[in-house]
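# Secondary and tertiary structure notes
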Amino acid sequence: MLQEIYDSSLATSIREVGVLFPALESLHVIALTLVVGTIAVVDLRLLGVASHRRSANRLIQELLPFTWGAFALAAVTGSLLFTSKSVDYVANPAFLAKLAVLFLAGLNMAIFHFGAYRRIASWDLAATPPPAARAAGLFSLLLWTATVVLGRWIGFL
Amino acid sequence: MSLNNLIEWIYQTPLSNAIRETAWVVPAVQSLHILAIAVVLGAALISDLRLARLFAVDEPVHTIVRRYLPWSCVSLAVLLLTGLTMCVGEPDRVLVNQIFWMRMGLVVGVFALTLGLRRPFLDPGFRPASAWRGRHAKGLAWLSLLMWAAVVVCGRWIAYGI
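Because the structure is predicted, anything quoted here is derived from the model rather than measured.

### Examining the interface of chain B and chain A
- In this assembly, 30 residues from chain B lie in contact with 31 residues from chain A.
- Between chain B and chain A, roughly 2600 Å² of surface is buried when both sides are summed, and carbon and sulfur atoms account for 76% of that area.
- Summed over the shared surface of chain B and chain A, the number is four salt bridges.
- The salt bridge involving Glu25 of chain A is made with Arg156 of chain B; its shortest N-O contact spans 2.9 Å.
- Counting every contact that joins chain B to chain A gives six residue pairs in polar contact (both at pLDDT 80 or more).
- For the side of chain B that touches chain A, the secondary structure elements donating two or more residues are α3 (25-51), α4 (61-89) and α7 (132-157) of chain B.
- Counting residues per element, the side of chain B that touches chain A draws most heavily on α3 of chain B, which supplies 13 residues.
- Class assignment for the residues of the side of chain B that touches chain A results in 22 nonpolar, four polar and four charged.

Shown next, in the form of structure tokens:
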């Protein structure tokens, strides 16, 4: 199936039309830096570092649309990049590790969403959120940093 | 001393060799560079969208600017340091590359624009309504965001162009 993706006209165009791959890479970098940049503001707030407003809930609500939008762009560009060299990427340990870490980042987000976030009314204005929220913030920062590093390593392996 | 002589001289220094030949250095420095870009873009997005009155309009501009400008400045320092390391490690890759110099020009330009737009707002008493900057803040904020996007695009294209 991967070979079919690889041989498809879409994947072939990306590989062979000179500017397509670099253009997709550039968009991918813009998207991922916006994901990490906006998520970092929320994560730091969860860790007790002040943002531009006191209410953690309002901060999450105003920033997350940008994070999700940027993530969507990163996912689309990433998928297109993947199709062009799918056969090589699935054999690349950095790529596989990156997917695993992305999954963990999503898992961390889900745990937070159904856990500490459910009780946010009680700690919304606290300068230092409860331990579960702080853990979520810390793991998020670590996992997204790892995603960036692993993403860069893909090109070196 | 011509540019090519300079490149050759840098290339043969022990430092340059160490950067190039220690396997993990270039990817690690590049990763740090990307993370610093994430901080700069995040800070820029929030501040510029606030200046364009599209984000967090309930918070005064100076609160937002004062919160994020230091992050932009520290990240710029990280970008310059990591960038310098990459230049020293691979001078032949960047110093003759027109796209690299274009990117440097854009970086200087966008930081000048960023500082110019934000500095006045660091004073809580500043009222932009009567100033030129106030009228054009929205357009300049969008220009700033576009320039950042161009900086990233050039960054990727350094690898493809000479």
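### A closer look at the environment of Thr147 of chain A
Residues and elements named next belong to chain A.
- Relative to the elements of secondary structure, Thr147 occurs in helix α8 (residues 131-154).
- Residue contacts for Thr147: discarding those within four places in its chain leaves Lys98, Val101 and Leu102.
- A polar contact is formed between the side chain of Thr147 and the backbone oxygen of Leu143, at a distance of 2.8 Å.

### Digging into empty space enclosed by the protein
Residues and elements named next belong to chain B.
- In the structure shown here, the tally under the stated rule is one cavity of 30 Å³ or more.
- In this structure, the largest cavity spans a volume of roughly 40 Å³.
- In this structure, the largest cavity is lined by Val40, Ala43, Ala44, Ser47, Ser72, Phe111, Thr114, Arg118 and Trp148.
- Those elements that place two or more of their residues in the lining of the largest cavity are α3 and α6 (98-118).
- With four residues, the top contributor of residues to the lining of the largest cavity is α3.

### Here we look at a nonpolar patch on the surface
- Taken together, the side chains of Met1, Leu3, Leu6, Trp9 and Val96 of chain B make up a nonpolar region of the molecular surface, amounting to roughly 520 Å² of accessible area.
- For Leu3 of chain B, a relative accessible area of 40% translates into the label partly exposed.

### Remarks on the packing of aromatic side chains
- Applying the stated criterion across every chain, the model contains 11 aromatic pairs over all chains.
- For the ring pair Phe82 of chain A and Phe95 of chain A, a centre distance of 5.4 Å and an interplane angle of 15° mean the geometry is stacked. Here Phe82 of chain A is found in helix α4 (residues 56-84), whereas its partner Phe95 of chain A is found in helix α6 (residues 93-114), with 13 residues between them in sequence.
- Pairing Phe100 of chain B with Trp101 of chain B gives two aromatic rings, centres 5.1 Å apart and planes at 70°, and the pair type is edge-to-face.
- We classify Phe100 of chain B as buried; its relative accessible area is 9%.
- A connected cluster of aromatic rings, assembled from ring pairs, spans Trp68, Phe71 and Trp144 of chain A.
- When the ring centre of Phe21 of chain A is taken as origin, the NZ or CZ atom of Lys85 of chain A, which lies over that ring, is 4.4 Å away.
- The cationic tip of Arg20 of chain B hangs over the ring face of Tyr11 of chain B; the distance from NZ or CZ to the ring centre is 3.6 Å.

Procedures and definitions
Residues numbered from 1 in each chain as written. Chains lettered and ligands numbered in written order. Predicted model: local features only at pLDDT ≥ 70, side-chain atom pairs only at ≥ 80, totals over all residues. Heavy atoms only, no water. Contact = heavy atoms within 4.5 Å. Buried area = accessible area lost by both parts, 1.4 Å probe. Salt bridge = Lys/Arg side-chain N within 4 Å of Asp/Glu carboxyl O. Polar contact = N/O pair within 3.5 Å; in protein donor to acceptor, adjacent residues only side chain to side chain. Helix = DSSP H or I, 4+ residues; strand = E, 2+ residues; numbered from the N terminus. Nonpolar A, V, L, I, M, F, W, Y, C, P; charged D, E, K, R; others polar. 1 Å grid on protein atoms, 1.4 Å probe; cavity = no way out; pocket = protein on both sides within 12 Å on 5 of 7 lines; lining within 4 Å. Points joined across faces, edges and corners; volume = space filled by probe spheres on them. Patch = residues over 30% accessible without salt bridge, like charges linked within 9 Å, V, L, I, M, F, W, Y side chains within 5 Å. Areas by Shrake-Rupley, 256 points an atom, 1.4 Å probe, with all protein chains shown as cover. Buried < 20%, exposed > 50% of the residue type's maximum accessible area, 1.4 Å probe, protein only. Phe/Tyr/Trp six-rings, centres within 6.5 Å; stacked < 30°, edge-to-face > 60°. Lys NZ or Arg CZ within 6 Å of the ring centre and 35° of its normal.

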